[in-house]
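# Geometric and topological summary
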Amino acid sequence: MTTLHNGEPGAVTTTAPRPRPRRVHPLLVFLTKRLAITAGLLLGVTVVTFGLVNVVPGDPVTANLSDQALNDPATVAAFREKWGLDQPLWQQYLHYLGNLVRGDLGISQQTGRSVLDDLVRYVPATMELAIPTMLLALLIGTGIGMLAAVRNGRFTDQLVRVGSLLGLSTPPFWLSLVVLYVFFYQLGLAPSGGRLSTAFSPPPTVTGMYTVDAALAGQWDVAWDAAQHLVLPVLVLTSLTVALLVRFVRSAMLEVLQQDYIRAAYAKGLPTRVVLRRHLLRAGLVPVVTVSGLAFASLLSGTVLVESIFGWPGLGQYAYRSATALDLPSILGVSLFVALVYTLVNLTVDLLYGLIDPRIRLS
């Protein structure tokens, strides 16, 4: 408290409250901590990836040069000097970190382009698969999981459990080949692979996703062709993701159905659809959001086998070619991107917890 005088003898003194220190918003503190953790995580990813790539057997020189070039010592020496392979490992790593701070991810040894440009080229293709896959999987998986939980122990529940188990046990490459054989070769209902038919040229790049870019450019025939090419890979990825989500949704909803407030809602005579929508769905969403976030991050990280079978030029294929060629800048770039995706998805999931359940926000 601060004492104030009005200057006259015997005057009454008054006190004014001291200003309270401004409280930092908890959300700002939370985001600052997560940002610091993300920076440390990305640094750790560079250390681990850099170490692993240099520990595994193999030489980037033999992986990238032809047999004729390998027989020329001058060519080999020039290659090592160009990519800094003639320097000690610690010097290579510090050089990479210095470039990384300036936003330079290096040059890919296999494409000759900037790794950042390669990521900008390949990531939108993977996103074009991941976004519709996740939306469909959430819609179908949540509905089927809730139905199985409400009908626990009945024929519908047993059927869903068997279907989910089959979906989780099915190898992605096998399902991709079956879908391709049935819908392309036998029925002719969908294109075989790729992002566009040879009759069309890619639309002007805005987002990198052909369906969106073609629609923005008013090229509706290109957008329709790109959407048709999405059908089969999205069908495969959705089937596998739904099988995963159904089990978690069913388990989460069964736990909520045992709560007293659900029995009270039924006892008050509330219709089933009201109980499901207002009480069951919201209370059971927290674990479902966690699994959905991990599934979405996995899809964004690239699905190598599905992309390879359908000839989809996404991040999975880029990562596979980088690993087989021991292309260190590309491997590090993909690893950083994957780590960043998982971190951002987990941050989004944590923020969604507070929206779904106010008790988590208060704690």
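Preceding this section is the structure that the text describes.
One structure accompanies this document, and this report is about it. (Residues numbered from 1 in each chain as written. Predicted model: local features only at pLDDT ≥ 70, side-chain atom pairs only at ≥ 80, totals over all residues. Heavy atoms only, no water.)

### Comments concerning the overall build of the protein
Broken down by element type, the protein carries 17 helices and two strands. Considered along the principal axes of its C-alpha atoms, the protein spans approximately 100 × 75 × 45 Å. A total of 363 residues make up the protein; the buried ones form 39% of that total. Put simply, of all contacts in the protein between residues at least 6 apart along the chain, 69% involve residues at least 24 apart. (Helix = DSSP H or I, 4+ residues; strand = E, 2+ residues; numbered from the N terminus. Buried < 20%, exposed > 50% of the residue type's maximum accessible area, 1.4 Å probe, protein only. Contact = heavy atoms within 4.5 Å.)

### Details of the packing of helix α11 (residues 260-267) against helix α12 (residues 272-283)
Running from N to C, α11 and α12 point in directions that differ by 165°, and their axes come no closer than 10 Å. Between α11 and α12, the angle is such that the two are roughly antiparallel. Crossing of α11 over α12 shows right-handed handedness. Taking contact as the criterion, the partners of Y261, I262, A265 and Y266 in α11 are, on α12, T272, V275, L276, H279, L280 and A283. Of the residues in the contact of α11 with α12, the class split is eight nonpolar, two polar and no charged. (Axes fitted to C-alpha atoms, helices over the stretch in contact; angles between N-to-C directions. Parallel < 35°, antiparallel > 145°, perpendicular 65-115°, else oblique. Left-handed = near helix turned anticlockwise from the far one by under 90°. Nonpolar A, V, L, I, M, F, W, Y, C, P; charged D, E, K, R; others polar.)

### Digging into the layout of surface pockets
There is about 370 Å³ of room inside the largest pocket. Along the wall of the largest pocket there are 18 residues; nearest its centre are W83, H95, Y96, N99 and P329. Residue assignment for the lining of the largest pocket shows that the elements contributing at least two residues are α5 (89-101) and α16 (328-356). When residues of the lining of the largest pocket are assigned to their parent elements, the largest contribution, four residues, is made by α5. Of the residues in the lining of the largest pocket, the class split is nine nonpolar, seven polar and two charged. (1 Å grid on protein atoms, 1.4 Å probe; cavity = no way out; pocket = protein on both sides within 12 Å on 5 of 7 lines; lining within 4 Å. Points joined across faces, edges and corners; volume = space filled by probe spheres on them.)

### A word on the packing of helix α6 (residues 115-150) against helix α13 (residues 285-300)
Where α6 meets α13, the closest approach of the two axes is 9 Å, and the angle between their N-to-C directions is 155°. By the angle class used here, α6 and α13 are roughly antiparallel. The element α6 and its partner α13 pack so that their crossing is right-handed. From α6, T126, M127, A130, I131, T133, M134 and L138 reach across to α13, where they touch S292, A295, F296, L299 and L300. When its residues are assigned to classes, the contact of α6 with α13 shows nine nonpolar, three polar and no charged.

### Observations regarding the nonpolar core
Grouped together as the largest cluster of nonpolar side chains are 54 residues, with contacts concentrated most on L119, V236, L315 and Y318. Of all the elements in the fold, those that place two or more residues in this core are α1 (26-55), α5, α6, α8 (172-186), α10 (220-257), α13, α15 (315-324) and α16. If you tally residues by element for this core, the top one is α16, at twelve residues. When sequence neighbours within four positions are dropped, the list of residues in contact with V236 reads P172, L175, S176, V179, V306 and F310. (Core = buried A, V, L, I, M, F, W, Y, C linked by side-chain atoms within 4.5 Å.)

### Points about the packing of aromatic side chains
Applying the stated criterion across every chain yields a total of two aromatic pairs. Between Y122 and Y318, the aromatic rings sit 4.8 Å apart at their centres with planes inclined by 20°, giving stacked as the arrangement. With Y122 in helix α6 and Y318 in helix α15, this residue pair connects regions lying 196 residues apart in the sequence. Each member of the pair, Y122 together with Y318, is buried. Ring geometry for Y181 against Y185: centres 5.5 Å apart, planes inclined by 25°, an arrangement best described as stacked. Here Y181 and its partner Y185 are both found in helix α8, four residues apart, which amounts to about one turn of the helix. A cation over an aromatic ring shows up here: R195 above the ring of Y210, its NZ or CZ 3.8 Å from the ring centre. (Phe/Tyr/Trp six-rings, centres within 6.5 Å; stacked < 30°, edge-to-face > 60°. Lys NZ or Arg CZ within 6 Å of the ring centre and 35° of its normal.)

### A short note on the pattern of salt bridges
When the charged atoms of two side chains with opposite charge come close together, those side chains can pair. Counted according to the given criterion, the structure contains four salt bridges. In this structure, D118 and R113 form a salt bridge, with 2.8 Å as the shortest nitrogen-oxygen distance. A relative accessible area of 0% means that D118 is categorised as buried. Judged by relative accessible area, R113 falls into the partly exposed class, the value being 28%. (Salt bridge = Lys/Arg side-chain N within 4 Å of Asp/Glu carboxyl O.)

### Here we look at the environment of V234
Looking at where V234 falls in the secondary structure, it is placed in helix α10. Sequence separation between V234 and Y181 is 53 residues, and the spatial gap between their C-alpha atoms is 16 Å. Excluding residues within four positions of it along the chain, V234 makes contact with L129, P132, T133 and L136.

### A short note on a nonpolar patch on the surface
A cluster of nonpolar side chains, namely F173, W174, L177, V178, V304, L305 and Y320, defines an oily patch on the protein surface of about 650 Å² accessible area. Listed by contribution, the elements that provide at least two residues to the nonpolar patch are α8 and α14 (304-309). By the secondary structure assignment, Y320 is in helix α15. (Patch = residues over 30% accessible without salt bridge, like charges linked within 9 Å, V, L, I, M, F, W, Y side chains within 5 Å. Areas by Shrake-Rupley, 256 points an atom, 1.4 Å probe, with all protein chains shown as cover.)

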